[in-house]
Amino acid sequence: MTQYEAVSADEVHSRSGAIRLHGPEGFEGMRRAGRAAAEVLDTLVPHVVPGVTTQEIDDIVYREMRARGGVPATLGYRGFTGSSCLSINHVVCHGIPGDRVLKDGDIVNIDVTILLDGWHGDTSRMFLVGDVGVKARRLVDVTYDCLMLGIEQARPGNRLGDIAHAIQTYAEKHRYGVVRDFCGHGVGRVFHDAPEVIHAGRPGTGPELKPGMFFTIEPMINIGKPAVKVLDDGWTAVTRDRTLSAQFEHSVGITEDGCEIFTKSPGGFDKPPYA
Ligand code: MF3
Ligand code: CO
Ligand code: CO
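This structure is a prediction, so every number in the text was calculated from the model and none was measured.

Student: Explain the coordination of the cobalt ion (ligand 2) here, please?
Tutor: The textbook angles at a metal center are 109.5 degrees for a tetrahedron of four donors and 90 or 180 degrees for an octahedron of six. Summarising the metal site, the cobalt ion (ligand 2) is bound by the protein donors D122 (OD), H185 (NE2), E218 (OE) and E249 (OE), whose distances to it range over 2.0 to 2.2 Å. One way to put it: the six donor atoms around the cobalt ion (ligand 2) meet at angles of 52 to 160 degrees, and that makes the site irregular. Donor residues binding the cobalt ion (ligand 2) come from one chain and are separated in sequence as D-x62-H-x32-E-x30-E. In this model, the cobalt ion (ligand 2) sits 3.3 Å from the cobalt ion (ligand 3), the two metals being bridged by D122.

Put into C-alpha cells, the structure is as follows:
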C-alpha cells in the first residue's frame, strides 16, 4: 500500500529550494519572536553557574517562553526532548538537557527557538561557567566575531558565499576549524527553511541576497579540526578530536541596505562575560 505523507504548502515550497521573500508583516512577526528569544537567553545569565544542571536551565527556558506567550519550537521537533539545546565544551550543537551538572571552567552554548504568533525566533549564545581558561575564552571571542563578520556581509547584492567566506577567513586566521556538517537556515513561519546558510565557502558564490530574506547565521568553530560525529543518542554532536567548540546564532532579515538582527540582546548580553 502506498502511504501518502501529508505535506503543507509550506513544506512543498521549502523542498522546491525557493527562498521566500517576506514583507513588513514578516519583519514585525520576526521582530517580536526574535526579541522574545533574546529575552529568554537574557533571563538565564544569573542561572548559568557551577552546580546547576542543564535540565534546570531548560526548565527556565520553558517557563520564560510560556510567560511570553510562545512555545519552544524544539520540544518534540523530530523527537527532540528539550526546550533548548545545551552544548558544553567539545559538544558542537544539539546537546540534550539532562542531569549534567555545569562545572567551573565549562563553556556552554545555549540555543533557543521560540515559536511566537506563528514566527520562529532562533538564537544562541555562549556562556562562561565560573572561571574559564584563556584558550576557551579566546575561542568564544573569535566565534562571536565570526558571527558578526558574517552578518556584516548580509546585504542585498552579496551572496551567501560572501558570508561564509568572511567567517571562514577569520576563523582560519586563528587556526580554528569551521564545522561543515551543520548550517544556518531560512527561518520565519517555518523553523528550518531554504536556504542552507554555509559558514565556509567562496566569495561571490551561492544565492544572491534580496530584501525580505530571513535566515540564521550560526557558525560552529572548533579549536581543532572541523570534523564532528553524532553520539548514539542521535542528537549530541561532538568534535571528533574532542577539542572545544563554540557557537553564536542570530536570526536576521535582509533589508534594502543591509540587514536587521532580530535577536539582539535587550539586556546587552550579546557576548560574554555578562557580569
Ligand atoms: N535551534 C537549532 C538551530 O539553530 C535547532 C535545534 S533542533 C533540535 O537550528 F531539535 F535539536 F532542538
Ligand atoms: Co538555527
Ligand atoms: Co538555534
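Student: Would you mind going over the coordination of the cobalt ion (ligand 3) with me for this structure?
Tutor: Distances from the cobalt ion (ligand 3) to its protein donors, D111 (OD), D111 (OD), D122 (OD) and E249 (OE), fall within 2.0 to 2.4 Å. For the cobalt ion (ligand 3), the single-chain donor residues occur in sequence as D-x10-D-x126-E.

Student: Got a minute to help me understand the site of ligand 1 in this structure?
Tutor: Taken together, 14 residues lie near ligand 1, and T74, H185, H192, E218 and E249 sit nearest. One nitrogen or oxygen atom from the side chain of D111 is found 3.1 Å from a nitrogen atom belonging to ligand 1. E218 is positioned such that a nitrogen or oxygen atom in its side chain is 2.8 Å from an oxygen atom of ligand 1. For ligand 1, the accessible surface in isolation is 340 Å², of which the surrounding protein chains cover 97%.

Student: Help me out: how do you make sense of the pattern of salt bridges in this one?
Tutor: A pair can form between side chains of opposite charge whenever their charged atoms are brought close. What the rule picks out here adds up to 14 salt bridges. Among the salt bridges present, the one from D42 reaches R125, with a minimum N-O distance of 2.8 Å. In this pair, D42 is assigned in helix 2 (residues 24-44) and R125 in strand 5 (residues 119-128), connecting sequence segments 83 residues apart. In this structure, D42 and R125 share a single accessibility class: buried.

Student: Can you walk me through the UniProt feature "domain: Peptidase M24" (unreviewed entry) in the chain in this structure?
Tutor: The residues that UniProt annotates with the feature "domain: Peptidase M24" (unreviewed entry) are residues 28-256. Summarising residues 28-256: 28% helix, 26% strand, and an end-to-end C-alpha distance of 16 Å.

Student: Is there a simple way to think about the nonpolar core in this case?
Tutor: If you look at soluble globular proteins, the nonpolar side chains tend to sit buried side by side. Judged by nonpolar contacts, the single largest core of 59 residues is most densely connected at L44, V48, I110 and F215. Setting aside residues no more than four positions away along its own chain, L44 makes contact with I57, I60, V61, I110 and F127. Judged by nonpolar contacts, the second largest core, of seven residues, contains C93, V179, V228 and A237.

Scoring rules and cut-offs
Residues numbered from 1 in each chain as written. Chains lettered and ligands numbered in written order. Predicted model: local features only at pLDDT ≥ 70, side-chain atom pairs only at ≥ 80, totals over all residues. Heavy atoms only, no water. Donors = N, O, S within 2.8 Å, 3.2 Å for Na, K, Ca; no water. Tetrahedral: all angles 85-135°; square planar, octahedral: opposite > 155°, others 65-115°. Near = heavy atom within 4 Å. Polar contact = N/O pair within 3.5 Å; in protein donor to acceptor, adjacent residues only side chain to side chain. Areas by Shrake-Rupley, 256 points an atom, 1.4 Å probe, with all protein chains shown as cover. Salt bridge = Lys/Arg side-chain N within 4 Å of Asp/Glu carboxyl O. Helix = DSSP H or I, 4+ residues; strand = E, 2+ residues; numbered from the N terminus. Buried < 20%, exposed > 50% of the residue type's maximum accessible area, 1.4 Å probe, protein only. UniProt positions renumbered as here; feature names shortened; annotations may be inferred. Core = buried A, V, L, I, M, F, W, Y, C linked by side-chain atoms within 4.5 Å. Contact = heavy atoms within 4.5 Å.

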